[in-house]
Amino acid sequence: MSKILNLTLQVWRQAGPNKPGTFETYQANGISDDASFLEMLDIVNERLIADNKIPIEFPHDCREGICGTCGVMINGQAHGHERGTATCQLHMRKFSDGDTIVVEPWRAKAFPIVRDLVVDRSPLDAVIAAGGFITAPTGTANDANDIRIPKEVADSAMDAAACIGCGACVAACPNSAGQLFTSAKIWHLNSLPQGQAERYKRTEAMVETMEQFFGSCTNHGECSEACPKEISLDFIAYMNRDYIKAKVKNRRLASQS
Amino acid sequence: MLPNASIPEGPIADKWDSHKFNVKLVNPANKRKFKILVVGTGLAGASAAATLAELGYNVEAFTFHDTPRRAHSIAAQGGINAAKNYRNDGDSVHRLFYDTVKGGDYRSREANVYRLAQVSVEIIDQMTAQGVPFAREYGGLLDNRSFGGAQVSRTFYARGQTGQQLLIGAYQQLMRQVGLGKVKLHTQAELLDVVVKDGRAVGIVTRHLTTGQVSSHSGHAVVLATGGYGNVFYLSTNAMTCNVTAAWRAHRKGAYFANPCYTQIHPTCIPASDDFQSKLTLMSESLRNDGRIWVPRDRDDVRSADKIPEAERYYFLEEKYPTFGNLVPRDVASRNAKTVVDEGRGVGPARNGVYLDFSDVLKRDGVKVVEEKYGNLLEMYERITGEDPQKVPMRIYPATHYTMGGLWVDYNLMTNVPGLYSAGEANFSDHGANRLGASALMQGLADGYFVLPATIGNYLTDFLNKPPVSTDDPVFQQAEAGVRDQMNHFLSIGGTHSPEHFHRELGKLVWEYIGMARNESGLQKAIGEIRALRDEFWKDVRVLGTNESLNSSLEKAGRVADFFELAELMARDALTREESCGGHFREEYQDPDGEALRNDDDFAHVSAWGWNDADTPQTEHREKLEFEYVKLTQRSYK
Ligand SMILES: Cc1cc2nc3c(=O)[nH]c(=O)nc-3n(C[C@H](O)[C@H](O)[C@H](O)COP(=O)(O)OP(=O)(O)OC[C@H]3O[C@@H](n4cnc5c(N)ncnc54)[C@H](O)[C@@H]3O)c2cc1C
Ligand code: SF4
Ligand code: FES
């Protein structure tokens, strides 16, 4: 049977990128514990509008944990306290009556605040544009079964490819590092036979683009803890290994030309 | 007048090849002189933009999302069809073609569907080459499954995240072109008008969602790959921001909207739990392979499921359809669930669901087997409802899932407005009155990777060395002014209810009258009530804040305004189509067993509606459908 919760919210409100921000307190009473966290925010917003107050902007779209749009800090934790769960999949039954919930946007230099809880995560796209692809123009492909890929390899690529690009790893990291995201993207492609031709060029380009935007990794592991897809820290090790190799190989290639 | 659909002559198997040979080609050195605007960066848009740029065209891509990888395509779970016949189980291009025409209840164009089946084979090769980690067997070959009642295994998949992996593939190809400077990408740019000059599409007007800036973009051709309109129902399995605005604004500028009443309801979704429900979650159809669907026989029975003895359970699908049982097609399963819930037999706190029970298979195969097969789905269900489906039966109910209707396009994917193209779910092309599972991803990628890049040149060659119309031209200035006026108007109404409120109320009307089952008086009533609510919306909507900042209420107001007009057209289209076919079930047209009754003599056509003005209903144009290769039969699942 569903329960009714009365909650106190402290929500970061900021009118624009270069505007000052502050916490506002809202009473969220009469919330069914069947509601999702975002539906709770919907209810608060409808009440704000009824009171002639500007509603809270928060990021969301699919509400199924797959598009990577949602993501806020809930009581200091990226996507809240439930492991392996995106903000949109968090339900109010994980909270208790009388709780105070602090809601903030991702905090990272690379992710400037757009408004309230919404940030700009475009540096993640810049990392992909630098090399996060396999060059395969339309019309050039062989039959898909020409390349046999052992199941274990396909599975490992898929484990990495499951990343939804939400940026929680960056938000959770004390240094705002982009390693978990970048390594997941690199390992998806580097682990597959199709990705070998560009393996080292890709790794170097993506890592160096990442470094332009994000802080450095000092092995805290907070990223993987916060990741809604539980992307493994191992990928960071693989990325570092490939990066070192890339530096050697690419230098050798450069000296040959 | 509806233009000719440009279907090539010759035997069906040769049409696409001969068409590719016959279309005018653009010389490689000239391609960069043509600017193409691609709106939408889901599967259809991202693949089109990337491929057009590879060919050398000058491409600009637009999405209102903050990155192309958020498009709703990301949420597709089940898989993608292709006539590879890797299983050697009798599949072929012809069989996929046949199944798709039949599945669409004989309301699609044979030539388009045949091409789709042909191209499907190349899609899998292309996506594999890009690094999509499709499921593999231990021998390293691609795995397949049978999906949605198909009798062959032709569905390729990547765990339960096929759409995500395909979209990441197409997005990566797009980002490669962005990195190379071949595609200019505009994110957070929402198309709010299509600009037409001398009868041709010459550009678009967008509003930047975080700054409110309204700007014009001109090109030689415009492609709309902006997805489906399922959110007209408010509650659907679509992502929250899916909307009809791009297609609708094109419609208002003259593009015909075809078959709007063809909407697909998916039988296995989690029922709404309360008024605050914001969307519905799809549970994969594969659950029906092992789950048994039932409700209490006695409508006053409020005991918990485990207290209801076998004899007092009504397995309505198994009883009514002994051959197919729980595996009847989506529309049949959905309608029957609605019937029992309407009869007062619904289960759950809101009595708005039916049980999908795993206890038999748990007993037969054990927990481990069930977890392996359905683990992530069961977990997803538990996360949302707080109930463990291994202990209490799941509750499911149908929800809107896909829209077969959309912008009318010819064989080249061009709308009736020259220079304006449409791809993916946004067009009406290939699925007739009902889409088969795992065929939307196929169609989006077929359109974007293979069809559009081959056909668009035919139109462009006439414009060689003619620059696009300047954005200083009065047509652009007027369109921009129109967009600004609409924004300012919303902000000035100062009514009492949010856009969300009106959307929810509209959705209730659409679901009630233009949902799973429709009838004449309901549809008449719907038109009146939708109009009344629309008038109230324009008088009483409350949009706070400003235009010059991120303002999702303001965005929403524009989208809801378009949904109102679309909903009315859906009702009109459903009213005009006096037959039942696919996703369109008119209660007046059913056989004594309650099965849909098609009327091929009078309704084997596409209804393409042309805009008049906000107060004059659209004019219907009919495209007759000819069937040369497929014999029209009535479905039976008894
Ligand atoms: C839950 C779910 C599961 C599904 N599972 C399957 C499946 O297993 N197999 C299958 O084949 N199909 C499935 N489908 C259907 C399939 O996912 C979609 O039909 C398909 O992905 C649509 O792709 P698209 O490229 O046409 O549109 P979308 O992916 O919806 O992309 C639309 C794009 O247009 C942009 N856009 C829209 N309007 C504007 C505007 N006004 N201005 C600027 N940009 C705009 C958006 O930003 C986005 O980039 C599923 C659908 C749902 C809802
Ligand atoms: S690695 Fe995890 S936390 Fe980081 S972007 Fe990907 S899904 Fe989000
Ligand atoms: S809203 Fe899509 S992942 Fe949460």
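J.: Which residues make up a negative patch on the surface, and what values go with them?
T.: On the surface, B:Glu520, B:Glu578, B:Asp601 and B:Asp602 cluster together into a patch of negative charge. By relative accessible area, B:Asp602 is classed as partly exposed at 47%.

J.: Account for the packing of aromatic side chains, with residues named and values stated.
T.: All names here are of chain A. This model, assessed by the stated rule, comprises 27 aromatic pairs over all chains. Each ring, one from phenylalanine 37 and one from phenylalanine 95, has its centre 6.0 Å from the other, and the planes form 35 degrees; the classification is tilted. One end of the pair, phenylalanine 37, is in helix 1 (residues 37–50); the other, phenylalanine 95, is in the loop between strand 4 (77–78) and strand 5 (100–104), with 58 residues separating them in the sequence. There is no split in this pair, since phenylalanine 37 and phenylalanine 95 are both buried.

J.: Mind laying out the sheet that holds strand 10 (residues 257–258) of chain B, listing which residues take part and the relevant values?
T.: Backbone-to-backbone hydrogen bonds pair the strands of a sheet. The strands run either parallel or antiparallel. Residues and elements named next belong to chain B. Taken in spatial order, the four strands of this open sheet run 16-10-18-19, and their pairing is antiparallel. Both outer strands of the open sheet, strand 16 (406–407) and strand 19 (619–624), are each paired with one neighbouring strand and no more. Relative to strand 18 (residues 605–610), strand 10 runs antiparallel, the two being bridged by two bridges. Looking at strand 18, one finds that phenylalanine 257 is bridged to tryptophan 609.

J.: Outline the site of ligand 2, supporting the account with residue identities and numerical values.
T.: All names here are of chain A. Taken together, Cys163, Ile164, Gly165, Cys166, Gly167, Ala168, Cys169, Leu180, Phe181, Cys227, Pro228 and Ile231 form the complete shell of residues around ligand 2. Of all elements in the fold, only helix 4 (168–172) and helix 5 (179–190) reach the threshold of two or more residues within the shell around ligand 2. Broken down by class, the residue content of the shell around ligand 2 amounts to ten nonpolar, two polar and no charged.

J.: Describe in detail the pattern of salt bridges, supporting the description with residues and values.
T.: Opposite charge on two side chains allows them to pair when their charged atoms are near. Residues and elements named next belong to chain B. Applying the stated criterion across every chain yields a total of 66 salt bridges over all chains. The partner of lysine 338 in a salt bridge is aspartate 342, and the shortest N-O contact between them spans 3.0 Å. Of this pair, lysine 338 and aspartate 342 both sit in helix 9 (residues 330–345), separated by four residues, roughly a single helical turn. Note on lysine 338: relative accessible area 21%, which makes it partly exposed. The salt bridge involving glutamate 505 is made with lysine 508; its shortest N-O contact spans 3.2 Å. Taken as a pair, glutamate 505 and lysine 508 lie in helix 13 (residues 499–514) at a separation of three residues, close to a single helical turn. Look at lysine 508 and you get partly exposed, because its relative accessible area is 44%.

J.: Describe in detail the site of ligand 1, supporting the description with residues and values.
T.: All names here are of chain B. Within the structure, ligand 1 sits among 36 residues, and Thr63, His65, Ser73, Leu191 and Glu425 are positioned closest to it. Leucine 191 is positioned with one of its backbone polar atoms (N or O) 2.7 Å from a nitrogen atom of ligand 1. For ligand 1, whose free accessible area comes to 1,000 Å², the fraction covered by protein is 98%. At the level of secondary structure, the elements contributing two or more residues to the shell around ligand 1 comprise helix 3 (43–55), strand 6 (189–197), strand 15 (394–403) and helix 11 (440–460). With three residues, strand 6 is the largest single contributor of residues to the shell around ligand 1. The class makeup of the residues in the shell around ligand 1 is 16 nonpolar, 17 polar and three charged.

J.: Give a detailed account of the interface of chain B and chain A, specifying residues and quantitative values.
T.: The accessible area lost on association of the parts is a frequent measure of interface size. Between chain B and chain A, the residue contacts involve 72 residues of the former and 73 residues of the latter. Here chain B packs against chain A, burying approximately 6,000 Å² in sum over the two surfaces, 52% of which is carbon and sulfur. The tally of links between chain B and chain A comes to 47 residue pairs in polar contact (both at pLDDT 80 or more). Counting residues per element, the ones that place at least two in the side of chain B that touches chain A are helix 3, helix 5 (110–129), helix 6 (162–179), helix 10 (359–385), helix 11, helix 13 and helix 15 (552–576) of chain B. The residue makeup of the side of chain B that touches chain A, split by class, is 25 nonpolar, 32 polar and 15 charged.

J.: Lay out the domain arrangement of chain A in plain terms, naming residues and giving numbers.
T.: Residue and element names in this part refer to chain A. Entries for chain A in the domain assignment read domain 1 (4–115) and domain 2 (121–256). A C-alpha centroid distance of 30 Å is found between domain 1 and domain 2. Counting from both sides, the interface comprises 20 residues of domain 1 and, opposite them, 21 residues of domain 2. For the pair domain 1 and domain 2, the two sides together bury roughly 1,500 Å², of which 55% comes from carbon and sulfur. At the boundary of domain 1 and domain 2, one finds two salt bridges. Salt-bridge contacts for glutamate 225 lead to arginine 83; the nearest nitrogen and oxygen are separated by 3.2 Å. If you look at where domain 1 meets domain 2, you find six residue pairs in polar contact (both at pLDDT 80 or more).

Conventions we followed
- Residues numbered from 1 in each chain as written.
- Chains lettered and ligands numbered in written order.
- Predicted model: local features only at pLDDT ≥ 70, side-chain atom pairs only at ≥ 80, totals over all residues.
- Heavy atoms only, no water.
- Patch = residues over 30% accessible without salt bridge, like charges linked within 9 Å, V, L, I, M, F, W, Y side chains within 5 Å.
- Areas by Shrake-Rupley, 256 points an atom, 1.4 Å probe, with all protein chains shown as cover.
- Salt bridge = Lys/Arg side-chain N within 4 Å of Asp/Glu carboxyl O.
- Lys, Arg positive; Asp, Glu negative; His and termini not counted.
- Charge placed at Lys NZ, Arg CZ, Asp CG, Glu CD.
- Buried < 20%, exposed > 50% of the residue type's maximum accessible area, 1.4 Å probe, protein only.
- Phe/Tyr/Trp six-rings, centres within 6.5 Å; stacked < 30°, edge-to-face > 60°.
- Helix = DSSP H or I, 4+ residues; strand = E, 2+ residues; numbered from the N terminus.
- Pairing = 2+ DSSP bridges.
- Near = heavy atom within 4 Å.
- Nonpolar A, V, L, I, M, F, W, Y, C, P; charged D, E, K, R; others polar.
- Polar contact = N/O pair within 3.5 Å; in protein donor to acceptor, adjacent residues only side chain to side chain.
- Contact = heavy atoms within 4.5 Å.
- Buried area = accessible area lost by both parts, 1.4 Å probe.
- Domains from an automatic or database assignment.

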